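A look at the structure
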Amino acid sequence: MMFQGHHIEVASNAFSLAESLIGKRFRLRWEEMKRHHYDVKTLIHLTEKERSQHAFAHLCRYQYEAHSEAGASSHFYRVCLQDDRILEALARAGNCLNLASLLLYIATHELVHVIRFNRYEADFDANGEEKDREEERVHTITHEILRYSPCNELRLMRDYFSPRYNLMNA
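Model, not experiment: these values are computed from the prediction.

Moving on, we get to helix H4 (residues 99-118). Over its 20 residues, H4 runs 28 Å from end to end, which matches the ideal 28 Å to within 8%, given 1.5 Å per residue. For H4, a buried count of 19 out of 20 residues is recorded, marking the element as mostly surrounded by other parts of the structure. Of the residues flanking the start of H4, the one acting as N-cap is Asn98, its side-chain oxygen 3.2 Å from the backbone nitrogen of Ala100. A positive backbone phi angle near 60° is found at Tyr120, which sits one or two residues after H4.

Position of Ser16 among the secondary structure elements: in helix H1 (residues 5-25). On a C-alpha basis, the gap between Ser16 and Leu104 in space is 9.1 Å, while along the polypeptide they are 88 residues apart.

The final tally for this structure, using the stated rule, is eleven salt bridges. As a salt-bridge pair, Arg116 and Glu134 come within 2.7 Å of each other at their nearest N and O atoms. Here Arg116, found in helix H4, pairs with Glu134, found in helix H5 (residues 128-146); they are 18 residues apart in sequence, far enough to count as distant. Of the two residues examined, Arg116 and Glu134, each falls in the buried class. Between Arg133 and Glu130 there is a salt bridge, and its shortest N-O distance comes to 2.8 Å. One end of the pair is Arg133 and the other is Glu130, both in helix H5 and three residues apart, which spans about a single turn. On the accessibility criterion, Arg133 (37% relative accessible area) is partly exposed. Several salt bridges converge on common partners, so that one network encompasses Arg116, Arg119, Glu121, Glu129, Glu130, Arg133, Glu134 and Arg137.

Calculation criteria
- Residues numbered from 1 in each chain as written.
- Predicted model: local features only at pLDDT ≥ 70, side-chain atom pairs only at ≥ 80, totals over all residues.
- Heavy atoms only, no water.
- Helix = DSSP H or I, 4+ residues; strand = E, 2+ residues; numbered from the N terminus.
- Expected span 1.5 Å × (residues − 1).
- Buried < 20%, exposed > 50% of the residue type's maximum accessible area, 1.4 Å probe, protein only.
- Polar contact = N/O pair within 3.5 Å; in protein donor to acceptor, adjacent residues only side chain to side chain.
- Salt bridge = Lys/Arg side-chain N within 4 Å of Asp/Glu carboxyl O.

Structural data, given as structure tokens:
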């Protein structure tokens, strides 16, 4: 199962909204948010290294030479959406979840990682317990960002991905 055209449009909208929400949370102006270089790819465009059987999205980091303004990151992040895992989770959840809400949750979660890595608040290469602690921090921040959403599906998402249920890797 892979994303089709309408899935791509929903993903694009989710990442745009997530950027806006994260910008507010971290007090970033639009220009500052754009300094956090990332792109989003779906399963059909992923290399073997960018695929994961354990998550809805896999974040990869690449190095590039920065020739732009001072303070620009020399890292580029790729959010690798695992279409098959996302679509399978939606099928399992029935009417409890919808694609837009799930993708907004995923986008927010992954972009929080990008911000934290670029600000050196977390170590991209962390292993073991430190990596687990970072995931807990990012889950908490993601929940804070999405807490006031009037959308019922997002409230369900917060419950669905709470540490108690932690179905993110289901």
